[in-house]
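If you want the building blocks of each chain, they are given just below.
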Protein chains: 2
Amino acid sequence: MEITSLTNAKVKQWVKYKEKKHRDQDKKFIIEGEHLLEEAHKAGLIDCIIIEKGKTSPYVEYPQYEVTKEILKKIANSVSGNWIMAVCNYPNYQDIKGNKIVMLDGVQDPGNLGTILRTAHSFSYHTVILSKDSVDVFNDKVVRSTQGALFHLNVIRMDLKEAIKDLKEKGYHIYGTSLHEAKSLQEVSIEENHVLIMGNEGQGVREDILALTDQNIYIEMDTFESLNVAVAAGICMYTLNKR
Amino acid sequence: MEITSLTNAKVKQWVKYKEKKHRDQDKKFIIEGEHLLEEAHKAGLIDCIIIEKGKTSPYVEYPQYEVTKEILKKIANSVSGNWIMAVCNYPNYQDIKGNKIVMLDGVQDPGNLGTILRTAHSFSYHTVILSKDSVDVFNDKVVRSTQGALFHLNVIRMDLKEAIKDLKEKGYHIYGTSLHEAKSLQEVSIEENHVLIMGNEGQGVREDILALTDQNIYIEMDTFESLNVAVAAGICMYTLNKR
């Protein structure tokens, strides 16, 4: 089907997906570019393809809308001028699974969340639990920074205290991250079934969450400085698995 | 001095610093917010203060311009609405110093460069060498992501091949990062005086640079996935110092 009008009803609907409330309502979000489409296709989550008129889609099995460059630009969140996009269905995230879990307490920056999801996938942390005040996982910048990892992970938004209680009962060891009353990452005993909790960019993990952990850890630094939360998460995930 | 006109010559000059060519011409750049100002002040690099009319600057030793909110907004790169900014002089970066060096081959994303500088400072990599095609270190997003680390580091932009030749002669061990013909980060022998080379977001370190290294290393991952370059840099810097 071809669409040339910027005021077409479909176009208006797709533009609305820039806002969380409309994404949540339809349980759909927009992805841009070949790499993300390939990952969404493999995950079976593509609803329809939006493509620049005259170009050929590698995915013929989905409904396809041929549109003008102006329409693509209007729908797009990025400025990179992609010729192919897709409407994706929300993944059907399951209950907690896997032996390694990342938990995020109030991470706000979309790039940080996306990067942490990408790292989690690379180090086999199959489940990521987000506090209710963390940034939305279907935010376009999050989706782009994941490089497709969000299609392979199990991402759950829930109350962290309830999650910790449940995970402790299931035998997971809970590691918090904190600069106070904590063991260094090199000294901590490593438990195979574990949860790693990372905190908000400015405040870190909340005190009432830290009080529920089995062990808090810190990353040894030479100067008393701070690390970006996605970098800190990467160092912890790598070290807890390779040390 | 008070400025109320958006077309004032000073305001026009400050707005120009959004562009690299004007920054390079005057060797000055704009910083925003209390934390960065404090770091720039400690480093002795503040040229003048730009402050919202009616607010009190903690830095009375510098020339001060009281301006309207509209002017601050026009000068600002961020959307966060800071009440205080400063014009900063370029640091006077010295020759290569320190026993640990990070080298970046074509890193393009400002957030990645800034985050790598922040990590480098935390792990005592005192010098960062950028290839000539890397993103500008005084780009506002780079400056913000460093969280002030750029005022403590030595950042040099030069031809990487020349830099490697020079550093080898000085006895530094050169680690490249690569997925091919490389040793795992856990297996590699650790040399105290070393250079860690990280590459472009899409292509990694160029082949002709990898050919000049003493040893190439890779980060062990469970799935054949990729890591964000700032996360990978963090894992390498941490592990080369703590393993």
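See above for the structure.
Source: prediction; values computed, not measured. As a convention, each chain's residues are numbered from 1 in the sequence order in which they are written. Going through the entries in the order they are written, you letter the chains from A and number the ligands from 1. pLDDT decides what is reported in this predicted model: residues at 70 or higher carry local features, side-chain atom pairs at 80 or more are listed and counted, and totals for whole chains, interfaces and linings draw on all residues regardless. To obtain the side-chain values, all non-hydrogen atoms of the structure were used and water was disregarded.

Asker: Let's hear about the overall build of chain A: which residues, and what values?
Answerer: Within chain A one finds 9 helices and 12 strands. Taken along the three principal axes of its C-alpha coordinates, chain A extends 60 × 40 × 30 Å. A separation threshold of at least 6 residues defines the contact pool for chain A, and within that pool the share at least 24 residues apart is 75%. In these tables, accessible area is a Shrake-Rupley quantity obtained with a 1.4 Å probe, and a residue counts as shielded only by the protein chains included in the view. A total accessible area of about 11,000 Å² is found for chain A, and carbon and sulfur atoms account for 46% of it. In this tally, Asp and Glu contribute negative charge and Lys and Arg positive charge; neither His nor the terminal groups of the chain are included. Where a charge lies is defined by one atom per residue type, namely NZ (Lys), CZ (Arg), CG (Asp) and CD (Glu). For chain A, the distance from the average position of its 30 positive side-chain charges to the average position of its 34 negative side-chain charges is 6 Å. Under the scheme used here, helices are H or I runs from DSSP no shorter than 4 residues and strands are E runs no shorter than 2 residues, and both carry numbers assigned from the N terminus. Any pair of residues with heavy atoms lying within 4.5 Å of one another is described as a contacting pair.

Asker: Can you tell me about the interface of chain B and chain A, naming the residues and giving the values?
Answerer: Interfaces are often sized by the amount of accessible area the parts lose when they come together. Taken residue by residue, the interface counts 26 residues in chain B and 26 residues in chain A. Counting the surface lost from both chain B and chain A, the interface buries some 2,400 Å², and carbon and sulfur atoms represent 52% of this. One side-chain nitrogen of Lys or Arg within 4 Å of one carboxyl oxygen of Asp or Glu is enough to make a salt bridge. For the pair chain B and chain A, the number of links is 2 salt bridges. We note a salt bridge from Lys100 of chain B to Asp222 of chain A, for which the minimum N-O separation is 3.7 Å. Buried area is calculated as the accessible area (1.4 Å probe) missing from two parts once they are joined, with the contributions of both summed.

Asker: Which residues make up the packing of aromatic side chains, and what values do they have?
Answerer: Between 30 and 60 degrees the pair is tilted, below 30 it is stacked and above 60 it is edge-to-face, where a pair is any two Phe, Tyr or Trp rings, Trp via its six-membered ring, whose centres lie within 6.5 Å. Counted under the stated rule, the structure contains 14 aromatic pairs over all chains. One aromatic cluster is present, formed by Phe29, Tyr90, Phe138 and Phe151 of chain A through successive ring pairs.

Asker: I'd like a rundown of the nonpolar core, residues and numbers included.
Answerer: The nonpolar core is taken to be a set of buried Ala, Val, Leu, Ile, Met, Phe, Trp, Tyr and Cys residues, with the residues joined through side-chain atoms within 4.5 Å. Buried means the residue's accessible area, taken with a 1.4 Å probe over protein chains only, is under 20% of the maximum for its type, while exposed means over 50%, and partly exposed covers the values in between. In this structure, Ile31 of chain A together with Ile31 of chain B are the most contacted members of the largest nonpolar core, which totals 110 residues. Excluding residues within four positions of it along the chain, Ile31 of chain A makes contact with Leu36, Leu37, Ala40, Met85, Ala86, Cys88, Val143 and Phe151 of chain A.

Asker: Can you explain the relation of the copies chain B and chain A? Please cite residues and give values.
Answerer: We superpose the copies by least squares over the C-alpha atoms of residues that have a pLDDT of at least 70 in both of them. Superposition of chain B onto chain A requires a rotation of 180 degrees combined with a translation of 0.0 Å along the rotation axis, giving an RMSD of 0.0 Å. Viewed as a symmetry operation, the transformation between the two copies matches a two-fold axis. In this assembly the copies share their binding face: 100% of the residues contributing to the interface of chain B also contribute to that of chain A.

Asker: Tell me about the pattern of salt bridges, and please be specific about residues and values.
Answerer: Counting across every chain of the model gives 22 salt bridges over all chains. The shortest N-O distance in the salt bridge between Lys53 of chain A and Glu2 of chain A comes to 3.6 Å. Here Lys53 of chain A, found in the loop between β3 (46–52) and β4 (64–67), pairs with Glu2 of chain A, found in strand β1 (residues 2–3); they are 51 residues apart in sequence, far enough to count as distant. You can call Lys53 of chain A partly exposed: its relative accessible area is 47%. Residue classification places Glu2 of chain A among the partly exposed residues on the basis of a relative accessible area of 44%. Two residues, Arg23 of chain B and Asp136 of chain B, come together in a salt bridge whose shortest N-O distance is 2.7 Å. Residue Arg23 of chain B is found in helix α2 (residues 20–26), and its partner Asp136 of chain B is found in the loop between β7 (127–130) and α6 (140–146); the two are separated by 113 residues along the sequence. For Asp136 of chain B, a relative accessible area of 10% puts it in the buried group. Among the charged side chains, a salt-bridge network with shared partners connects Asp105, Asp133 and Arg206 of chain A.

Asker: Outline the sheet that holds strand β2 (residues 28–32) of chain B, listing residues and values.
Answerer: Pairing between sheet strands relies on hydrogen bonds along the backbone, with the strands arranged either parallel or antiparallel. All names here are of chain B. For two strands to pair, DSSP has to find at least two bridges joining them. Across the sheet, which stays open at both edges, the 5 strands sit in the order β1-β4-β3-β5-β2 with mixed pairing between neighbours. In the strand order of this sheet, the two ends are held by β1 (2–3) and β2, each with one partner. Two elements, strand β3 (residues 46–52) and strand β4 (residues 64–67), share 4 bridges in a ladder whose sense is parallel. From the neighbouring strand, Ile51 faces β4, where its bridge partner is Glu66.

Asker: Give a detailed account of helix α5 (residues 110–122) of chain B, specifying residues and quantitative values.
Answerer: Given the number of residues in a helix, its expected span is that number minus one, multiplied by 1.5 Å. With 13 residues, α5 of chain B should cover 18 Å at 1.5 Å per step; its first-to-last C-alpha distance of 19 Å lies within 8% of that length. Within α5 of chain B, 12 of the 13 residues are buried, which leaves the element mostly enclosed by the surrounding structure. The complete set of buried residues in α5 of chain B reads Pro110, Asn112, Leu113, Gly114, Thr115, Ile116, Leu117, Arg118, Thr119, Ala120, His121 and Ser122 of chain B. On its buried face, α5 of chain B sits against α9 (229–242) of chain A together with β6 (100–105), β7, α6, β8 (154–157) and α9 (229–242) of chain B.

Asker: Give me the lowdown on the environment of Ser189 of chain B, citing residues and values where you can.
Answerer: Considering the arrangement of structural elements, one finds Ser189 of chain B in the loop between β10 (183–184) and β11 (194–199). Through-space distance from the C-alpha of Ser189 of chain B to that of Leu240 of chain B is 9.1 Å; in sequence the pair is 51 residues apart.

Asker: Before we move on, can you summarise the packing of α9 of chain A against α9 of chain B with the specific residues and values?
Answerer: One can describe the packing of α9 of chain A onto α9 of chain B by two numbers: an axis separation of 8 Å at closest approach and a directional angle of 55 degrees. One element, α9 of chain A, and the other, α9 of chain B, form an angle in the oblique class. As for the relative orientation of α9 of chain A and α9 of chain B, their crossing is right-handed in sense. Residue-level inspection shows Ala230, Val231, Gly234, Ile235, Tyr238 and Thr239 of chain A of α9 of chain A in contact with α9 of chain B, the latter providing Ala230, Val231, Gly234, Ile235, Tyr238 and Thr239 of chain B. The angle between two axes is taken between their N-to-C directions and runs from 0 to 180 degrees, where each axis is a line fitted to C-alpha atoms and a helix contributes only its stretch in contact. When describing relative orientation, an angle under 35 degrees is termed roughly parallel and one over 145 degrees roughly antiparallel, while 65 to 115 degrees is termed roughly perpendicular and anything else oblique. In a left-handed crossing the near helix is turned counterclockwise from the far helix by less than a right angle, and in a right-handed crossing that turn is clockwise.

Asker: Help me get a handle on the sheet that holds strand β7 (residues 127–130) of chain A, residues and values and all.
Answerer: All names here are of chain A. Ordered in space as β8-β7-β6-β11-β9-β12-β10, the 7 strands form an open sheet in which the pairing is parallel. Looking at strand neighbours, the two that pair on one side only are β8 (154–157) and β10 (183–184), the edges of this open sheet. Running over the sheet, helix α7 (residues 160–169) touches β6 (100–105), β7, β9 (173–177) and β11 (194–199) and is turned about 160 degrees from β6.

Asker: How would you explain the environment of Ala163 of chain B if you had to name every residue and give the values?
Answerer: All names here are of chain B. Secondary-structure assignment places Ala163 in helix α7 (residues 160–169). Separated by 67 residues in the primary sequence, Ala163 and Ile96 have C-alpha atoms spaced 9.2 Å apart. Not counting chain neighbours up to four residues away, the residues in contact with Ala163 comprise Met103, Ile129 and Met158.

Asker: Let's hear about the pairing of strand β12 (residues 215–218) of chain B: which residues, and what values?
Answerer: Residue and element names in this part refer to chain B. When strand β9 (residues 173–177) meets β12, the two strands line up parallel, connected through 3 bridges. Pairing of Tyr175 across the sheet is with Gln215, part of β12. Direction of pairing for β10 relative to β12: parallel, over a ladder of 2 bridges. Counterpart to Ser184 in the pairing with β12 is Tyr218.

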